[in-house]
Amino acid sequence: MIPAAAAAAAAAVVEPAAGAAAAETGAAAAVQTGSQGQLLAYAGVGVVPGSEASAEWQELCLKVRQFEGLLSPLLSPPIQGLPNYVMAWATLLVEELCRLGVSTFAVAPGSRSSPLALAAASHPRSQLTVAIDERSLGFWALGFSRGNPSGMPAAVICSSGTAVANLLPAVVEASQSNVPLLLLTADRPYELRDTGANQTIDQVKICGGYTRWSSDVTPPSDHVPGRVIVSTADTAVRYCVTGPRPGPVHLNFQFREPLAPRSSEWDPDQFLRGLEHWMQSAEPYTSAIAGQGSNTALHPATPCYTHQQQQQVLGTVQPQPHMQLQQQIQSHRSNGHSHPQQQHAATVQL
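These remarks concern the structure in this document. Predicted, not measured: the structure shown is a model, and the values here were computed from it.

## Some remarks on the packing of aromatic side chains
Then, in step 1: For the structure on display, the rule yields 7 aromatic pairs.
Then, in step 2: Where Trp140 meets Phe144, the ring centres are 5.6 Å apart and the plane angle is 15°; that geometry is what we call stacked. With Trp140 and Phe144 both in helix α5 (residues 134–147) and 4 residues apart, this pair spans about one turn of that helix.
Then, in step 3: For Phe144, a relative accessible area of 2% translates into the label buried.
Then, in step 4: Members of the aromatic cluster, each reached through a chain of ring pairs, are Tyr85, Trp89, Trp266 and Phe271.
Then, in step 5: It is Arg99 that lies over the ring of Trp278; its NZ or CZ is 4.0 Å from the centre.

Put into structure tokens, the structure is as follows:
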């Protein structure tokens, strides 16, 4: 069996409209997206008496190779072949979000957010909705998240400046309604802030207390490993969908040039160090375990460890000698003994 993701949905432009209408459109899209599954291709061989396992395996591989050739255009390009750090950074983010179940991206076009938009558009499992008006797009994403049967949010991608501010009404509504919503906003790096450049405002924590969690993500570079953005995506989704109050989460990405997918010198081996196992699997980099009393989790099937299970895994921690001495002194004092140190010394000598 070879699971391969369906091709990305065609982009649909949402005209500026009232927030309620955009939210209803998003909710309808959530129902439609929930009915779309992965493309599964099956190949098998018949095992008959006298057949050799090696020959049957070769026959199976021959059948599989045909499907691989047909489906290869739908597969994402290898991360090592990407042109620069910025595109690799955005690609890791989108891949991890899709593994976590966040595969619907609402995109408002912009220059600074180009890496995020390109990564989402090129991913085989992503579903894209494009709108030129950020306010309408925010409410569309809100409606999608509220109506999504899986409980996972839509991710909103927008450029820097006032584009981010236009998402605030939808964020407030999502916060008050406990609806998960993920904001992926682009921003200038720290050295270009407060310079008076066009579309440069303070975007850090722009949504105030209406988000469950926010992070001003460091710019990608050869000094920052790729596992930083992968674990950041895990944390963002966990805050967004788990706990008693799901709600909006804001990731503000600092991007330096090149923003376009043009070739630039970078070291894939160093950047991807620590992600070898992740790249060979289809599972998220980290998984959230529900604590006692938690009503939701990213992986509800993952059990919580009881105290006995923790002892089996970690072992029983033995008290250190000084801790034993302190316990015996306290015990003798409570029993009225006046010289606990002498008795403890005798015990040690024995």
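## A few points about helix α4 (residues 114–122)
Then, in step 1: Taken as a whole, α4 has its buried residues at Pro115, Leu116, Ala119 and Ala120. In an axial view of α4, the angular spread of the buried residues amounts to 125°, which keeps them on one side of the axis.

## Some details on the pattern of salt bridges
Side chains that differ in sign of charge can pair as their charged atoms come close.
Then, in step 1: Inspection of every chain in the model, using the stated rule, returns 6 salt bridges.
Then, in step 2: For Arg125, the salt bridge goes to Glu95, with nearest N and O atoms at 3.5 Å. Remark: Glu95 occurs in helix α3 (residues 85–100) and Arg125 occurs in the loop between α4 and β4 (127–130); sequence separation between them is 30 residues.
Then, in step 3: One salt bridge in this structure joins Asp216 and Arg193, with 2.9 Å as the shortest N-O distance. Within this pair, whereas Asp216 is found in strand β7 (residues 213–217), its partner Arg193 is found in the loop between β6 (181–187) and β7, the two being separated by 23 residues in sequence.
Then, in step 4: Three or more residues joined by partner-sharing salt bridges are found here, namely Glu95, Arg99 and Arg125.

## Quick notes on the nonpolar core
A general trend in soluble globular proteins is that nonpolar side chains are found buried together.
Then, in step 1: By size, the foremost hydrophobic cluster in this structure holds 46 residues, and its most contacted members are Leu92, Leu97, Phe105, Leu184 and Phe253.
Then, in step 2: For this core, the secondary structure elements donating two or more residues are α3, β3 (104–107), α4, β4, β5 (155–158), β6, α8 (227–241) and β8 (248–254).
Then, in step 3: The leading source of residues in this core is α3, at 11 residues.
Then, in step 4: The contact partners of Leu92, leaving out residues within four places of it in the chain, are Ile79, Gly226, Ile229, Val230, Phe271, Leu272, Leu275 and Trp278.
Then, in step 5: One finds Ala106, Ala108, Leu142 and Leu167 within the second-largest nonpolar core, a separate group that totals 23 residues.

## Considering the side chain of Thr91
Then, in step 1: You can see Thr91 is positioned in helix α3.
Then, in step 2: Filtering out sequence-adjacent residues up to four positions away, Thr91 remains in contact with Ile79, Leu82 and Ala119.

## Regarding the pairing of β3
Residues in a regular strand project their side chains so that they alternate between the two faces of the sheet.
Then, in step 1: Going residue by residue along β3, you find Thr104 and Ala106 tucked away on one face and Phe105 and Val107 tucked away on the opposite face as well.
Then, in step 2: In this sheet, β4 lies alongside β3 in parallel orientation, the contact comprising 4 bridges. Counterpart to Ala106 in the pairing with β4 is Thr129.
Then, in step 3: As a crossover connection, the stretch from β3 through α4 into β4 is right-handed.
Then, in step 4: Bridging between β3 and β5 involves 3 bridges; their strand directions are parallel. Within β5, the residue paired with Phe105 across the bridge is Ala155.

## Some points on unusual backbone geometry
Then, in step 1: Following Glu257, the chain continues to Pro258 via a peptide bond in cis, the omega torsion being 5°.
Then, in step 2: Positive phi outside glycine occurs at Asp194, with the angle close to 55°.
Then, in step 3: Residue position: Asp194 is located in the loop between β6 and β7.
Then, in step 4: Taking relative accessible area as the criterion, Asp194 reaches 79% and is therefore assigned exposed.
Then, in step 5: In the Ramachandran plot, Lys205 falls in the positive-phi region, its phi being about 55° despite a non-glycine side chain.
Then, in step 6: Structurally, Lys205 can be placed in the loop between β6 and β7.
Then, in step 7: Residue classification places Lys205 among the exposed residues on the basis of a relative accessible area of 60%.

Here is what the cut-offs are and how they apply
Residues numbered from 1 in each chain as written. Predicted model: local features only at pLDDT ≥ 70, side-chain atom pairs only at ≥ 80, totals over all residues. Heavy atoms only, no water. Phe/Tyr/Trp six-rings, centres within 6.5 Å; stacked < 30°, edge-to-face > 60°. Helix = DSSP H or I, 4+ residues; strand = E, 2+ residues; numbered from the N terminus. Buried < 20%, exposed > 50% of the residue type's maximum accessible area, 1.4 Å probe, protein only. Lys NZ or Arg CZ within 6 Å of the ring centre and 35° of its normal. Arc of directions from axis to C-beta. Salt bridge = Lys/Arg side-chain N within 4 Å of Asp/Glu carboxyl O. Core = buried A, V, L, I, M, F, W, Y, C linked by side-chain atoms within 4.5 Å. Contact = heavy atoms within 4.5 Å. Pairing = 2+ DSSP bridges. Right-handed = clockwise from strand over helix to strand, strands pointing away.

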